[in-house]
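The lines below spell out each chain.
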Amino acid sequence: MASPKVKILLAGSPSLAVPAFQAIVNDQRFQVLGLLTQPDQPAGRGLKLTPPPTKVWALKNGLTVWQPEKLKTWQSALVNIKPDMVVVIAYGQLIPQALLEIPPQGWVNVHGSLLPKYRGAGVLSAPIINGDQQTGISIMKLVKELDAGPVIAQVKINLASDETMGSLASKIGQVAADILPDTLIGYIERRLIPQKQNDSQASYVGLVATADAKIDWHKSALEIERLVRAMQPVPGAWTTWRDQRLKIIEATVSDQSWLNPGKVGLIDGQLAIGSGQGALIINRLQLAGRQAVSGNDFLIGQADVLGEYLA
RNA sequence: CGCGGGGUAGAGCAGUUGGCAGCUCGCCAGGCCCAUAACCUGGAGGUCGUCGGUUCGAAUCCGACCCCCGCAA
């Protein structure tokens, strides 16, 4: 095994990227030069300066970390680092064309969908909202256009009936960790040839905002239940009760439809809310400022919610 | 000093013009019943987040601190 190690610069921000990054660090075929990630941002209560999860991981592993505000001004730094390749998992910024051309092997990206379906930022929630049976990951080369680069490898992931965005994120992170090292080597050795995407079949999903997570009780219970899973754990599908935000954390669909949309009642003794079609049995929910509780516990403490309307 | 809600029995909540600490569920015991997660009776279980102050007396008023949570970013 005389071939030199592949020099890699990692780029990514959320914890979803950590397992795959760790897999590369653990693999003797690679030499990791460091991590490129977003600057620490004010976040959480009190707006304390918070580092991206990958940065915390990188420092623990003794890696150098770069956090440029803007990539445009970071061009010369990348030239000096001299990576053979940059591996990107949810970095959080579009990479300027000029930077894409610097590493000899280019920039390789892990994308959380089966491209060309679901290009864009909301890839994790989209398949759950749409009730897809399958999604997956695509390992692809970055090009100037968003998520449009040629695909090196894809792996399908089955969506469980109770899949949430959170559970899907960990599946994607794990699958990425499983296949990324071999895929990168295969690509470098030209055994895996990037295949151009069929642009005519591309679809786009925008970033999910909290407003998108507000429940419209006139929709069907089936759609609402999917929304609940797609928004879990953040930002959480929500409605309001007495001007307070009420998050629905876990729910199941009932075909009983005698409750009007948004009206709270009991179905088989369980907390339920009417919808446009069928009803939603509420298994777990959280009132603003309170701990998340089961439907039963909520009824014990807030019994007067019965018969009221949520909006 | 970004905005806001909350810490009271195992759980979920009420209780702030200061006056022996409550409700629902659960739990334990007994009863009713062919039987039951139903019903009836009885019972156990709380340093009211912590520390200090005011007061004859503090869950309640004042001060400091710890922890949890919603928004926002």
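As the structure is a prediction and not an experimental result, all values here were calculated from the model. (Residues numbered from 1 in each chain as written. Chains lettered and ligands numbered in written order. Predicted model: local features only at pLDDT ≥ 70, side-chain atom pairs only at ≥ 80, totals over all residues. Heavy atoms only, no water.)

Peer 1: Account for the environment of glycine 289, naming residues and giving values.
Peer 2: Topologically, glycine 289 is positioned in the loop between strand E16 (279–287) and strand E17 (293–294). On the basis of relative accessible area, glycine 289 is assigned to the exposed category, the value being 86%. C-alpha separation for the pair glycine 289 and leucine 99, spaced 190 residues apart in sequence, amounts to 45 Å. (Helix = DSSP H or I, 4+ residues; strand = E, 2+ residues; numbered from the N terminus. Buried < 20%, exposed > 50% of the residue type's maximum accessible area, 1.4 Å probe, protein only.)

Peer 1: Explain the domain arrangement of chain A to me, using residue names and the numbers behind them.
Peer 2: Along its sequence, chain A is organised into domain 1 (6–205) and domain 2 (211–305). Look at where the C-alpha atoms of domain 1 and domain 2 centre, and you get two points 34 Å apart. Each partner contributes residues to the interface: domain 1 has twelve residues there, and domain 2 has nine residues. Interface area lost by domain 1 to domain 2 is led by Ile128, Ile129 and Met165, which between them contribute 52%. Between domain 1 and domain 2 we count zero salt bridges in total. Scanning the region where domain 1 abuts domain 2 turns up five residue pairs in polar contact (both at pLDDT 80 or more). Those elements that place two or more of their residues in the side of domain 1 that touches domain 2 are helix H5 (126–129) and helix H6 (165–188). Residues that form the side of domain 1 that touches domain 2 fall into these classes: four nonpolar, six polar and two charged. (Domains from an automatic or database assignment. Contact = heavy atoms within 4.5 Å. Buried area = accessible area lost by both parts, 1.4 Å probe. Salt bridge = Lys/Arg side-chain N within 4 Å of Asp/Glu carboxyl O. Polar contact = N/O pair within 3.5 Å; in protein donor to acceptor, adjacent residues only side chain to side chain. Nonpolar A, V, L, I, M, F, W, Y, C, P; charged D, E, K, R; others polar.)

Peer 1: Account for the pairing of strand E14 (residues 264–267), naming residues and giving values.
Peer 2: For E14 and strand E15 (residues 270–274), the ladder comprises four bridges, and the chain directions are antiparallel. Within E15, the position partnered with valine 264 by the bridge is isoleucine 273. Linking E14 to E15, which pair antiparallel, is a turn of two residues; within it aspartate 268 sits at a positive phi near 55°. (Pairing = 2+ DSSP bridges.)

Peer 1: Got a sec to walk through the pattern of salt bridges? Specific residues and values, please.
Peer 2: Inspection of every chain in the model, using the stated rule, returns eleven salt bridges. Here arginine 242 makes a salt bridge to glutamate 308, at a shortest N to O gap of 2.6 Å. Note that arginine 242 is positioned in the loop between strand E12 (237–241) and strand E13 (244–254) and glutamate 308 in the segment after helix H8 (295–301), a separation of 66 residues in sequence. Among the residues examined, arginine 242 registers a relative accessible area of 46% and is labelled partly exposed. By sharing partners, the salt bridges in this structure join Asp27, Arg29 and Asp182 into a single network.

Peer 1: Could you give an account of the sheet that holds strand E2 (residues 30–36), with specific residues and numbers?
Peer 2: Spatially, E5-E2-E1-E6-E7-E9-E10 is the arrangement adopted by the seven strands of the open sheet, whose pairing is mixed. Here the strands that pair on one side only, and so sit at the sheet edges, are strand E5 (65–66) and strand E10 (151–158). Pairing analysis gives six bridges linking strand E1 (residues 6–12) to E2, with the strands arranged parallel. By the bridge assignment for E2, leucine 10 is matched with leucine 35.

Peer 1: Give me the lowdown on the layout of surface pockets, citing residues and values where you can.
Peer 2: Estimates place the volume of the largest pocket at around 1100 Å³. Around the largest pocket, the lining comprises 38 residues; the ones closest to its centre are Pro14, Ala90, Gly120, Ala121 and Val123. Considered class by class, the residues forming the lining of the largest pocket number 25 nonpolar, ten polar and three charged. The computed volume of the second largest pocket comes to approximately 260 Å³. Around the second largest pocket, the lining comprises twelve residues; the ones closest to its centre are Ser3, Pro4, Lys5, Val6 and Arg29. (1 Å grid on protein atoms, 1.4 Å probe; cavity = no way out; pocket = protein on both sides within 12 Å on 5 of 7 lines; lining within 4 Å. Points joined across faces, edges and corners; volume = space filled by probe spheres on them.)

Peer 1: Any chance you could break down the protein's contact with RNA strand B for me, citing the residues and the numbers?
Peer 2: Taken together, 19 residues are adjacent to RNA strand B, and Arg45, Gly289, Gln291, Asp297 and Ile300 come closest. Protein-adjacent atoms of RNA strand B, using a 4 Å cutoff, are sugar or phosphate at a proportion of 54%. In this structure, a base nitrogen belonging to RNA strand B sits 3.4 Å away from a main-chain N or O atom of proline 42. Here arginine 45 contributes a side-chain N or O atom positioned 3.1 Å from a phosphate oxygen of RNA strand B. (Near = heavy atom within 4 Å.)

Peer 1: Help me get a handle on helix H7 (residues 221–230), residues and values and all.
Peer 2: Of all ten residues making up H7, seven are buried, and the element is well covered by its neighbours. For H7, the elements touching its buried residues are H5, H6, E12, E13 and E16.

Peer 1: Just give me the short version of the pairing of E16, but keep the residues and values in it.
Peer 2: Look at any regular strand and the pattern is simple: side chains alternate between the two faces of the sheet. As defined by bridge partners, E13 adjoins E16 across eight bridges and the pair is classed as antiparallel. Residue serine 254 lies in a different strand from E16, and its bridge partner there is alanine 279. As defined by bridge partners, E15 adjoins E16 across three bridges and the pair is classed as antiparallel. When the bridges of E16 are listed, glycine 274 appears paired with alanine 279. From the end of E15 to the start of E16, which pair antiparallel, there are four residues, and glycine 278 there has a positive phi angle of about 75°. Relative to E17, E16 runs antiparallel, the two being bridged by two bridges. Bridge pairing in E17 places arginine 284 opposite serine 294. Hairpin connection from E16 to E17: five residues lie between these consecutive antiparallel strands, with glycine 289 at a positive phi of about 85°.

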